[in-house]
Amino acid sequence: MKKTRALCVVVSLLLSSAALAQEPVYLGVSIPLSGQFASYGNDIQEALELGRDEINQTGGIDGLPLELIYEDSEGDPQISKRIARRFTEDARIVAEIGDFSSTCSMAAQPLYHRAGMVQFSPTSSHAGFAPGSPYSFSVSGTSQGQSSAIARLAVERLNKKKLAVLYQNTDWGIAEQQAFVEEAKRLGAEIVAIEPYLKELTDFTPVLATLQAAQPEVLYLCSLYEDGALISKQRHQLGWHDVIVIGAGPLHSQELLDIAGEAVEGLLTTTSFFPKDPRPQVQDFVQRYEARYHRTPNLFAAQAYDVINIITNALKQVGTDRQKLRDAIAHTRDYPGAIGKITFSEYGDIQKEYLLLQVKNGEFVIYNDED
């Protein structure tokens, strides 16, 4: 009888150990799944779920499945802070992915910092975000890098000197336009008009009329693609056609073309992800994404896909200890991502190279100076 009991205890312990061995590795995801930025959150979610399923199909994290715990930030910084508190207090969660906007990410940053948990945003580009904590990372590149590249496009490649700026009045938009204006002025250009707008605005006609009256040669839109599409349609309706429109990186999206149509013909922007890029990392990702979702991925999806794979690589190296995971991510070098080779600076951000794109005949193509 004693032997039987002892055997039962051993079997029970073995079964418990086996159950524990199958406990998933959890990542928290804080993104807008409702509200104004929900479409961007959807782009991120689709890419993360594609990446998670591929990871699990190839053995997970040393045999353990990877699982994602989603929370809807609604694009609200206060909600992002509450989510950060829940995530950091949940012992199961080893790292967080998010948020979408720099404003939300920076609001939640102190909580992740105090908890020593990785906060890894696919899209936050504010120059103060990644350097704000050793636990914060972003693959978006900084506002200065991309906006400066756009300014050089306007002044040096297009040879235009009179520029106007329309920007979303958020942390991201302010940082983007400041970098653009600073570089443009350094290159000898004149900013003839600059106007902010609230992200809830839908009637841009009055502000566009003000900008048009300044007679700029170039209009720089520091907008996301939904705003950019609406602005472009209303500019087109105003009959303001004698201006070159260039835009921030988020305008590179199929959704912009679908919404705005001919109103964005000729628009110029920059990107670090182009679905027609022949690199194997790009084409493999694009083909898998299109097969699953029946649409072409955009920059936000590509960046989110790289984030989950970078975290997975680090988890396979060091396990789930939060500090060790942070250190492994920080030492990522030349990771072959969909957005190019990724190496983190000492501040947790990356330096990126940008392609110049133009909308021609209803699609984005690589910009040709001779056209």
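Look a little higher up for the structure.
An account of the accompanying structure is given in this report.

Calculation rules
Residues numbered from 1 in each chain as written. Predicted model: local features only at pLDDT ≥ 70, side-chain atom pairs only at ≥ 80, totals over all residues. Heavy atoms only, no water. Helix = DSSP H or I, 4+ residues; strand = E, 2+ residues; numbered from the N terminus. Rg over C-alpha atoms; globule rule 2.2 N^0.38 Å. Buried < 20%, exposed > 50% of the residue type's maximum accessible area, 1.4 Å probe, protein only. Contact = heavy atoms within 4.5 Å. Areas by Shrake-Rupley, 256 points an atom, 1.4 Å probe, with all protein chains shown as cover. Pairing = 2+ DSSP bridges. Axes fitted to C-alpha atoms, helices over the stretch in contact; angles between N-to-C directions. Polar contact = N/O pair within 3.5 Å; in protein donor to acceptor, adjacent residues only side chain to side chain. Salt bridge = Lys/Arg side-chain N within 4 Å of Asp/Glu carboxyl O. Disulfide = S-S within 2.5 Å. Parallel < 35°, antiparallel > 145°, perpendicular 65-115°, else oblique. Nonpolar A, V, L, I, M, F, W, Y, C, P; charged D, E, K, R; others polar. 1 Å grid on protein atoms, 1.4 Å probe; cavity = no way out; pocket = protein on both sides within 12 Å on 5 of 7 lines; lining within 4 Å. Points joined across faces, edges and corners; volume = space filled by probe spheres on them. Right-handed = clockwise from strand over helix to strand, strands pointing away.

Concerning the overall build of the chain
Scanning the chain for helices and strands turns up twelve helices and 14 strands. Expected size for 371 residues packed as a compact globule is a radius of gyration near 21 Å; at 23 Å, the chain falls within 12% of this value. Taken along its principal axes, the extent of the C-alpha atoms in the chain is 95 × 40 × 35 Å. The proportion of buried residues among the 371 residues of the chain is 54%. In the chain, the proportion of contacts linking residues at least 24 apart, taken out of those at least 6 apart, comes to 69%. When the accessible area of the chain is evaluated, it comes to approximately 16,000 Å², of which 50% is carbon and sulfur surface.

Section: the sheet that holds strand E1 (residues 25-31)
Reading across the sheet, the five strands line up as E2-E1-E3-E4-E5 and stay open at both edges, with parallel pairing between neighbours. With one partner strand each, in any of the chains shown, strand E2 (66-72) and strand E5 (136-138) form the two edges of the open sheet. This sheet shows a mean twist of 25° between the axes of neighbouring strands, independent of strand direction. One ladder, built from five bridges, connects E1 with strand E3 (residues 93-98); its direction is parallel. Across the sheet, the residue bridging to Tyr26 is Ile93, located in E3.

Side note on the side chain of Glu46
By the element assignment, Glu46 lies in helix H2 (residues 38-57). Using a relative accessible area of 12% as the deciding quantity, one classes Glu46 as buried. Polar contacts involving the side chain of Glu46 include one to the side chain of Arg295, which spans 2.9 Å. Apart from the residues lying within four places of it in its own chain, the contact partners of Glu46 are Tyr289, Tyr293 and Arg295.

Looking at the environment of Ile97
Its location among the elements puts Ile97 in strand E3. Among the residues examined, Ile97 registers a relative accessible area of 0% and is labelled buried. As for Ile97 and Ser121, which are separated by 24 residues in sequence, their C-alpha atoms are 5.6 Å apart.

Observations concerning the pattern of salt bridges
All chains considered together, the criterion is met by 13 salt bridges. The closest approach of N and O atoms between Arg86 and Glu71, which form a salt bridge, is 3.3 Å. Separated by 15 residues along the polypeptide, Arg86 in helix H3 (residues 77-89) and Glu71 in strand E2 bring together distant segments of the chain. Through salt bridges that share partners, Asp43, Glu46, Glu255 and Arg295 make up one connected network.

Description of the sheet that holds strand E13 (residues 355-360)
If you walk across this open sheet you meet the seven strands as E7-E6-E8-E9-E10-E13-E14, and the pairing is mixed. The open sheet has two edge strands with one neighbour each: strand E7 (190-197) and strand E14 (363-366). Ignoring strand direction, the axes of neighbouring strands in this sheet form an average angle of 25°. With two bridges connecting them, strand E9 (residues 244-247) and strand E10 (residues 268-271) associate as parallel partners. Pairing of Gly247 across the sheet is with Thr269, part of E10. Sheet strands touched by helix H6 (residues 171-186): strand E6 (162-168), E7, strand E8 (218-222) and E9. Its angle to E6, the strand with the most contacts, is close to 170°.

Digging into the state of the cysteines
Under the definition given, this model contains zero disulfides. Cys104 forms no disulfide, and the closest cysteine sulfur to it belongs to Cys222, at a distance of 16 Å. Residue Cys222 is classed as buried on the basis of its relative accessible area, which comes to 0%.

Details of the packing of H2 against helix H10 (residues 280-293)
With their axes 11 Å apart at the nearest point, H2 and H10 run at an angle of 105° to one another. Between H2 and H10, the angle is such that the two are roughly perpendicular. Packed against H2, whose contacting residues are Asp43, Glu46, Ala47, Glu49, Leu50, Asp53 and Glu54, the element H10 presents Phe285, Arg288, Tyr289, Arg292 and Tyr293 at the interface. In terms of residue class, the contact of H2 with H10 is made up of five nonpolar, no polar and seven charged.

Description of empty space enclosed by the protein
Under the counting rule described, the total for this entry stands at two cavities of 30 Å³ or more. Space inside the largest cavity adds up to approximately 50 Å³. If you trace the largest cavity, you find it lined by Ser124, Ser125, His126, Ala127, Phe129, Ala130, Pro131, Ser138, Ser140, Gly141, Thr142 and Asp349. A breakdown of the residues in the lining of the largest cavity according to their chemical character gives four nonpolar, seven polar and one charged. Computed from the structure, the second largest cavity encloses a volume of approximately 30 Å³. Around the second largest cavity, the lining residues are Ser30, Ser80, Glu96, Gly98, Asp99, Cys104, Ser105, Ala108, Tyr112 and Gln119.

Considerations on the pairing of E8
Two faces, one strand: in a regular strand the side chains alternate between the faces of the sheet. Burial runs high along E8: five of the five residues are buried. What you see with E8 is no split at all: Val218, Tyr220 and Cys222 on one side and Leu219 and Leu221 on the other are buried throughout. Bridge count between E6 and E8: five bridges; the pairing is parallel. Pairing of Leu166 across the sheet is with Leu221, part of E8. Across four bridges, the pairing between E8 and E9 is parallel. Paired with Tyr220 across the two strands is Ile246, which belongs to E9. Running through helix H8 (residues 225-238), the crossover from E8 to the neighbouring parallel element E9 is right-handed.

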